[in-house]
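Listed below, chain by chain, are the residues.
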Amino acid sequence: MTTPTIEELQNKLKAPLGEAEALPFAAYTEPEVYKLEGQKIFHNDWVFVCASQYISNLGDYFAFDLVGEPVVVLRGQDGQLRALSNACRHRGTQLLDSYKVGNTGKRITCPYHAWNYKDDGEFSNAPFARSEVEKDDHCLPQFGITEWQGLVFVNVSGDAEPLAPRLAGVEKYLDFYGHSRNLTPAPIETEIWSANWKLAMENAMESYHLFKVHTETLEKYTPTKDAFYMEGGADWSVTGGKYIVKGYNKKYADENPALYGHYTLICLPPTFVGILAYNSLTWLNVFPLAPDRCLIFSAGLYEGKVPSGKYTNYF
């Protein structure tokens, strides 16, 4: 079978709904497609990182690799969130450990030659340098960053349109569930999946597979037959459903009859799929690693005590 060209794949996406077909395997496996996705999507648009509660203290950070671009989101001593390059300006060494929440204090120090930077990315010092280092030329590059409804997004190109207007249609669902109340972050769980990032997103967005794949886990709590589409488009989509709450809570049921026993699933492309429930917002976040591999983050915010064990169990 001949591998389709990029143009042929684009034409398939433009087909009318009545003529729509599943994308060929090449859309998920070809290195050329993956490279273009990195340039056109992940480096050119807003990408979800984490909730602000995970980096709420001064010096807190979350570092990650965004399709070849090392990035760290950090809360400075001035309380501001910034997105900085996570590569030392000397030899390109990774500055802070990726895929974890940590605290760097007031400075960022390279683990190789100890070049160090202020938490706003300004170059500070190069130990034992035999010649003067031009500070202005060795500051850490900064990237675009925005916070929407307590969720942090970055844009490495700096050219993306404002995010909030694009997601305005989602806000009513967050308001309905009272998302703005004080919620406690749960530990972040990570897994590497042997799958293209788009397959991971497609799996997280649909509930049809629950009756077969999750018979012993989710199906008895989140029946496939009670899932339904609500609204959305290319920028976001919302589906809903019913689920059986583990351990009946009469207080919540009496106080929130419209919410209790229901969930709302929100997809914010390219990487965020979240579940809103009466006492939580949990999500799955996808970081591409290769055409056939991706890193999956499961995390969430809870009202009151965080459940023990595998808590982000809707996917």
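See the structure shown above.
Remember, predicted model here, so these are calculated numbers, not experimental data.

Asker: Give me the lowdown on helix H3 (residues 31-42), citing residues and values where you can.
Answerer: Among the residues of H3, Val-33, Tyr-34, Glu-37, Gly-38 and Phe-42 are the ones counted as buried. Taken end-on, H3 shows its buried residues confined to a sector of 145 degrees, consistent with a single buried face. Away from the buried face of H3 by more than 90 degrees, exposed residues Glu-32, Lys-35 and Lys-40 are located. Buried residues in H3 make contact with helix H1 (6-13), helix H2 (26-29), strand S1 (47-51), strand S2 (60-66), helix H6 (197-205) and strand S17 (280-290).

Asker: Please set out the sheet that holds strand S6 (residues 107-109) residue by residue, giving values where relevant.
Answerer: Strand order in the open sheet made by the three strands is S6-S7-S8, with antiparallel pairing throughout. Two strands lie at the open edges of the sheet, namely S6 and strand S8 (123-125), each paired on one side alone. With strand direction ignored, the average angle separating the axes of adjacent strands in the sheet is 35 degrees. As defined by bridge partners, S6 adjoins strand S7 (residues 116-118) across three bridges and the pair is classed as antiparallel.

Asker: Please set out the pattern of salt bridges residue by residue, giving values where relevant.
Answerer: In the structure shown here, the tally under the stated rule is six salt bridges. Where Glu-37 meets Lys-198, a salt bridge forms, and the shortest distance between an N and an O atom there is 2.7 Å. One end of the pair, Glu-37, is in helix H3; the other, Lys-198, is in helix H6, and 161 residues separate them in sequence. Like Glu-37, the residue Lys-198 is buried in the burial classification. Among the salt bridges present, the one from Glu-122 reaches Lys-118, with a minimum N-O distance of 3.7 Å. Residue classification places Lys-118 among the partly exposed positions, given a relative accessible area of 35%.

Analysis parameters
- Residues numbered from 1 in each chain as written.
- Predicted model: local features only at pLDDT ≥ 70, side-chain atom pairs only at ≥ 80, totals over all residues.
- Heavy atoms only, no water.
- Buried < 20%, exposed > 50% of the residue type's maximum accessible area, 1.4 Å probe, protein only.
- Helix = DSSP H or I, 4+ residues; strand = E, 2+ residues; numbered from the N terminus.
- Arc of directions from axis to C-beta.
- Contact = heavy atoms within 4.5 Å.
- Pairing = 2+ DSSP bridges.
- Axes fitted to C-alpha atoms, helices over the stretch in contact; angles between N-to-C directions.
- Salt bridge = Lys/Arg side-chain N within 4 Å of Asp/Glu carboxyl O.

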